[in-house]
There are 4 protein chains.
Amino acid sequence: MSTPQSIGAQPRQASLLLRCPLRLGLAAELTNLVYTQGGAIQYHDQNVDPDSRHYYTCLKWDASGMKVSDQGMQERLHTMIGSGPDIEWSVRYSDQPMRMAIFVSKDPWCLYDILARSHSGEWNVQVPLIIGNHADMAPIAERFGIPFRLFAINKENKEEIETQQLALLKSEGIDFVVLARYMQILSGRFVQAYPSRVINIHHAFLPAFPGARPYHSARERGVKMIGATSHYVTETLDAGPIIEQDVLRVSHRHSVQDLVRFGRDLEKIVLSRAIWSHIQRKIIVHNGRTVVFD
Amino acid sequence: MSTPQSIGAQPRQASLLLRCPLRLGLAAELTNLVYTQGGAIQYHDQNVDPDSRHYYTCLKWDASGMKVSDQGMQERLHTMIGSGPDIEWSVRYSDQPMRMAIFVSKDPWCLYDILARSHSGEWNVQVPLIIGNHADMAPIAERFGIPFRLFAINKENKEEIETQQLALLKSEGIDFVVLARYMQILSGRFVQAYPSRVINIHHAFLPAFPGARPYHSARERGVKMIGATSHYVTETLDAGPIIEQDVLRVSHRHSVQDLVRFGRDLEKIVLSRAIWSHIQRKIIVHNGRTVVFD
Amino acid sequence: MSTPQSIGAQPRQASLLLRCPLRLGLAAELTNLVYTQGGAIQYHDQNVDPDSRHYYTCLKWDASGMKVSDQGMQERLHTMIGSGPDIEWSVRYSDQPMRMAIFVSKDPWCLYDILARSHSGEWNVQVPLIIGNHADMAPIAERFGIPFRLFAINKENKEEIETQQLALLKSEGIDFVVLARYMQILSGRFVQAYPSRVINIHHAFLPAFPGARPYHSARERGVKMIGATSHYVTETLDAGPIIEQDVLRVSHRHSVQDLVRFGRDLEKIVLSRAIWSHIQRKIIVHNGRTVVFD
Amino acid sequence: MSTPQSIGAQPRQASLLLRCPLRLGLAAELTNLVYTQGGAIQYHDQNVDPDSRHYYTCLKWDASGMKVSDQGMQERLHTMIGSGPDIEWSVRYSDQPMRMAIFVSKDPWCLYDILARSHSGEWNVQVPLIIGNHADMAPIAERFGIPFRLFAINKENKEEIETQQLALLKSEGIDFVVLARYMQILSGRFVQAYPSRVINIHHAFLPAFPGARPYHSARERGVKMIGATSHYVTETLDAGPIIEQDVLRVSHRHSVQDLVRFGRDLEKIVLSRAIWSHIQRKIIVHNGRTVVFD
């Protein structure tokens, strides 16, 4: 079941994301708990992986009339769900919007699209920080009143710069990072600090054309469609769990520059859809893949 | 054949748009004229309508090495093409970028998308003016440094306000108008002042769901895809020549609010594609339809 | 959760389709009942309509190890679900494949596609009968060894012919009817005999271009995409609940004949997807719309 | 410009496919030649590759009123076009329909789709021969009255069997071969005998997931769309020039079996579109890519 996106003043909403081995009746127990504690269910979707027999669910409720504190609800859920290596869950409330940092290089289209959405209230998110390895995007950050920090990273200073960046992210209370056409590869150490919390956009239909210059490769190979892929960053380049993909039809009439132009729109829309699902807490990562609820 | 979009400093490009009854050899005459006058052809596409036997073509050339003045070229083309009620053509040069006015009401997504593109150099266009019938979008105009003019139009003052608007458009040398979610119907007089030069975005897959509240109608009818349509405005509501359309798959799981959210992305992309084709001078309007070259 | 389509010998599967006003805990009661009676759940999807607060579900289980007879299960479900004007449900078992009658006129593409699927075991369905208002498709019926009955229907004999057709459908135990490019409008009396059990394919993206010659209308209007729509037939032409739709991009380069050619593929794929969902018992009709489970 | 597909009795049509280095005025010379020899142009599309500066064109005309014999036209074209290593062209007439051999293994969906089209007159093609490495498809061949030849090919006898197959293709006057889910890799020798004349369908969006079991790989990688690719076979597996591709959206809810089911429709439609373009003589292969005219 599906409910409208929160724009403007909305009642306080709780969202539970859970994955665990399939257990009969758990769905009913969870919805019953929410109901008896005064929550009005607004969204509930679930899925069972046919291979691993894992259960995935996303449950959202209006928490404004709860008879129990957040802490009390947390304890009751803990008792009900239990714990173990295969169990992962969390609850978050809509009055604690996520804090997002945006990493950029020189390309504006994804950055503009993200800022337009966050500033117009389309997304319930805070953007306290934009980080660039070039200064080109600083004027856009300024236009939207967001602090811009330049880190001129290179091979030699990479470890030190990343240490500074991680400290900055921590001090700003950043929940997740978006690489909006950030033309740098993050180290394993950085990625491990934000597991399933760094979202990248790759300008190809992965696993086709990973790495550099995918539009040139697409033109060279003569494909009839080009794509874009947003994914969580892992230590292996362009191999992380895919969140969203889309494609556009092209033909022999289109030059590499045409593909680049078409691709800009694909990239920004695919990245923004992925960010929306992340902010809405609709994504569960498991076994290198994502469950993305509608 | 296809050439890259002009971003940054480019040689001066001429573009010819022409429609006329099919005439054998005209294509060769035109390309030959350009060639012998020192132009290097960069793009040439053409089409013959199988019903009306009309010929449509778009021809672009690097005009930086022309041996003849713009006026001289105009005269030679006039001699070659001739004139008559069924013949329509024009040449324009890339160092005279079109001037676009944007009309808005309260919705930001199309406006942001247009301004991001015009400001980042993705489009060769000037935006000297934003007109609103509400003040909501004024801060966004200000953010991008563009004059915003509020016209609180209503049934009573419509004729007078439109007179003022037309005068303003004229004084600003506006070439074409974009209705970026402008929730007002233009009068026939206004439309006639800018024939095939007012671009609207309608949030449905026309001719399905014209008029008000199309997402509600789409949900009510239970369609499995929603769409958006950009078209030139004519005197009949939502019936003008279609420039571009696109759709997204939806299901019973989606509420009207979900459709509205999905629709925002469709609307802005479809509108911006239409504007791009207009700026690139790739559109010919004939018999209530468009020829849109790639 | 999702399970493979039945091809070849499969365990006996039960499927429950249910709609009723939302009732807390019903999902858990149902799955619990299936489980305690020896059924292994293979598929479970559900949805709540945000406006009507109706609950829709499709539940499938391996019924080969049930401890209770089909009749016994029916009684237990009846007790649990209850009855009333807003409640509708049914159970069906996979060893009773549905019986489908196909109505045709002169166009072969949908008929071929349906017969290829039913004959190759892609669908668990029986096709005992093809009815034509012209004889053109008789050789194809013969090629697949299916009885073909010609009814030369016209305005004068329509009531009598439909009476004969309904009698034939009844004597053949037909569960549902597919209009595979059948160029006749069924009477209200016929439609009422098979409510939500006559599937039509219309060669347009409804509600755009209902009625005759939609490709001509599409070309005339200058749309940039064409579509096809499969729907349950009701007494109002082309206004029944939509099951499936799809579209293809077209341009000014395409003649009506091109649209007709592209459309053939759209029509057969969209119709066959609708038939598959119907055979798989994944469709609930309510308030003039469909819920189509994945 | 675009003309209808030939169904039924049509005037004799000539089609010229040509690629050569760009030469000013050649298009006009060609259309002029056709015109002055009594041909009525029905289709003309052309393209210039921006990188190689090669010219590609497809020109079709009604040849029923030609003042010159086919041989005479051939000579005039030869004189006009010239010859050389970079020039390739051919003319073919619609009263010599191409002869297609279909290679199959055990899967029926592509075979059925091809036979339905060739038998209903949707395609102007002859199918004198179906070759299988298993006997499973023999009954379908028989249903359509087409000779079926079984070649139980394996590693040991591959060279000898291919020799027999090539002899059979030659004796039957086969113009091109379609691998309709033929689960064997052709040798280099076979491929060289039919350059750009063996069409394969691969059940993935190449270059993603080449080789075996692509749907399993797609599910394992967690992609959000699956695809199919038709291409000319070259000596490198799944690396030949791509003719057509398409994709469908999938999600975490879909099992490998769901992907296989969705994929069947993609495969047959993508393969049939490629065959149609080949039969219509709308494809030019150059530099490992295809130009596919509309």
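On a predicted model such as this, the values are computed, not experimentally measured, just so you know.

1. Notes on the overall build of chain A
Helix and strand counts for chain A stand at eight helices and 13 strands. In summary, chain A has a C-alpha radius of gyration of 20 Å against a globular reference of 19 Å for 294 residues, a match within 12%. By the burial criterion, 60% of the 294 residues in chain A qualify as buried. Taking contacts inside chain A between residues at least 6 apart in sequence as the whole, the part at least 24 apart equals 68%. Looking at chain A, you have 32 positive and 30 negative side-chain charges, and the mean spots of the two groups are 3 Å apart.

2. Focus: the domain arrangement of chain A
All names here are of chain A. Here chain A is described as being made up of domain 1 (13-93), domain 2 (97-194) and domain 3 (199-294). Computed over C-alpha atoms, the centres of domain 1 and domain 3 are 31 Å apart. Facing the 19 residues of domain 1 at the interface are 12 residues of domain 3. Approximately 1,200 Å² of surface area, both sides summed, lies buried where domain 1 meets domain 3, with 56% of it carried by carbon and sulfur atoms.

3. Topic: the interface of chain B and chain C
It is common to give the size of an interface as the accessible area lost on bringing the parts into contact. With 38 residues of chain B in contact, the opposing surface of chain C contributes 38 residues. A buried area of about 3,100 Å², summed over both sides, lies between chain B and chain C, and 50% of it is on carbon and sulfur atoms. The largest contributions to the chain B side of the interface with chain C come from R221, K224 and H252 of chain B, which together make up 22% of the buried area. In this assembly, chain B and chain C are joined by 10 salt bridges. With its nearest N and O atoms 3.9 Å apart, the salt bridge here joins R219 of chain C to D51 of chain B. Inspection of the chain B/chain C interface yields 18 residue pairs in polar contact (both at pLDDT 80 or more). Elements supplying a minimum of two residues to the side of chain B that touches chain C: α7 (214-221), β11 (242-249) and β13 (289-292) of chain B. The biggest single contributor to the side of chain B that touches chain C is β11 of chain B, with seven residues. Residue composition of the side of chain B that touches chain C, grouped by class: 16 nonpolar, eight polar and 14 charged.

4. Here's the deal with the relation of the copies chain D and chain A
Rotating chain D by 180° about the axis while translating it 0.0 Å along that axis superimposes it on chain A, leaving an RMSD of 0.0 Å. Both copies are brought into coincidence by an operation consistent with a two-fold rotation axis. Closest approach to the rotation axis among the C-alpha atoms of chain D is made by A208 of chain D, whose C-alpha sits 2.2 Å away.

5. Description of the packing of helix α8 (residues 256-279) of chain A against helix α8 (residues 256-279) of chain B
α8 of chain B packs onto α8 of chain A with a crossing angle of 165° between their chain directions and a minimal axis gap of 12 Å. One finds that α8 of chain A runs roughly antiparallel with respect to α8 of chain B. For α8 of chain A against α8 of chain B, the interelement crossing comes out right-handed. Here α8 of chain A contributes R261, D265, K268, I269 and W276 of chain A to the contact with α8 of chain B, which in turn contributes R261, D265, K268, I269 and W276 of chain B. Among the residues making up the contact of α8 of chain A with α8 of chain B, the classes are represented as four nonpolar, no polar and six charged.

6. Notes on the interface of chain D and chain A
Each partner contributes to the interface: chain D provides 38 residues, whereas chain A provides 38 residues. Looking only at chain D, the three residues that lose the most surface to chain A are R221, K224 and H252 of chain D, adding up to 22% of its buried area. Where chain D touches chain A, the interface holds 10 salt bridges. Between D49 of chain A and R219 of chain D there is a salt bridge, and its shortest N-O distance comes to 2.4 Å.

7. Regarding the packing of helix α1 (residues 26-36) of chain A against helix α2 (residues 70-81) of chain A
All names here are of chain A. Between α1 and α2, the least distance of the axes is 11 Å, while the angle of their chain directions is 165°. In terms of orientation, α1 and α2 fall into the roughly antiparallel class. For the pair α1 and α2, the crossing hand works out as right-handed. Between α1, through L26, E29, L30, L33 and V34, and α2, the contact on the second element is made entirely by M73, R76, L77, M80 and I81. Residue composition of the contact of α1 with α2, by class: eight nonpolar, no polar and two charged.

8. Observations concerning the pairing of strand β2 (residues 40-48) of chain B
Residue and element names in this part refer to chain B. Across eight bridges, the pairing between β2 and strand β3 (residues 54-62) is antiparallel. Note that in β3 the partner of H44 across the bridge is L59. Hairpin connection, β2 to β3: the antiparallel pair is bridged by five residues, and R53 has positive phi, about 55°.

9. Details of the sheet that holds strand β5 (residues 98-104) of chain D
Strands pair in a sheet through their backbones, by hydrogen bonds, and they do so in one of two ways: parallel or antiparallel. Residues and elements named next belong to chain D. Across the sheet, seven strands lie side by side as β7-β6-β5-β8-β9-β10-β11; this open sheet has mixed pairing. The open sheet has two free edges, formed respectively by β7 (148-150) and β11 (242-249), since each of these has just one partner strand. Across the sheet, the axes of successive neighbouring strands diverge by a mean angle of 20°, strand direction being ignored. Relative to β7, strand β6 (residues 125-132) runs parallel, the two sharing three bridges. Looking across to β7, one finds that I131 is bridged to R149. In the packing of helix α5 (residues 158-171) onto the sheet, contacts are made with β5, β6, β7 and β8 (176-179), and the angle to β6 comes to roughly 165°.

10. Describing the relation of the copies chain B and chain C
The transform that puts chain B on chain C rotates by 180° and translates by 0.0 Å along the axis, for an RMSD of 0.0 Å. When the interface residues of chain B are mapped onto chain C, 100% of them again fall at the interface, so both copies present the same face.

Cut-offs and rules
- Residues numbered from 1 in each chain as written.
- Chains lettered and ligands numbered in written order.
- Predicted model: local features only at pLDDT ≥ 70, side-chain atom pairs only at ≥ 80, totals over all residues.
- Heavy atoms only, no water.
- Helix = DSSP H or I, 4+ residues; strand = E, 2+ residues; numbered from the N terminus.
- Rg over C-alpha atoms; globule rule 2.2 N^0.38 Å.
- Buried < 20%, exposed > 50% of the residue type's maximum accessible area, 1.4 Å probe, protein only.
- Contact = heavy atoms within 4.5 Å.
- Lys, Arg positive; Asp, Glu negative; His and termini not counted.
- Charge placed at Lys NZ, Arg CZ, Asp CG, Glu CD.
- Domains from an automatic or database assignment.
- Buried area = accessible area lost by both parts, 1.4 Å probe.
- Salt bridge = Lys/Arg side-chain N within 4 Å of Asp/Glu carboxyl O.
- Polar contact = N/O pair within 3.5 Å; in protein donor to acceptor, adjacent residues only side chain to side chain.
- Nonpolar A, V, L, I, M, F, W, Y, C, P; charged D, E, K, R; others polar.
- Least-squares fit on C-alpha atoms with pLDDT ≥ 70 in both.
- Axes fitted to C-alpha atoms, helices over the stretch in contact; angles between N-to-C directions.
- Parallel < 35°, antiparallel > 145°, perpendicular 65-115°, else oblique.
- Left-handed = near helix turned anticlockwise from the far one by under 90°.
- Pairing = 2+ DSSP bridges.

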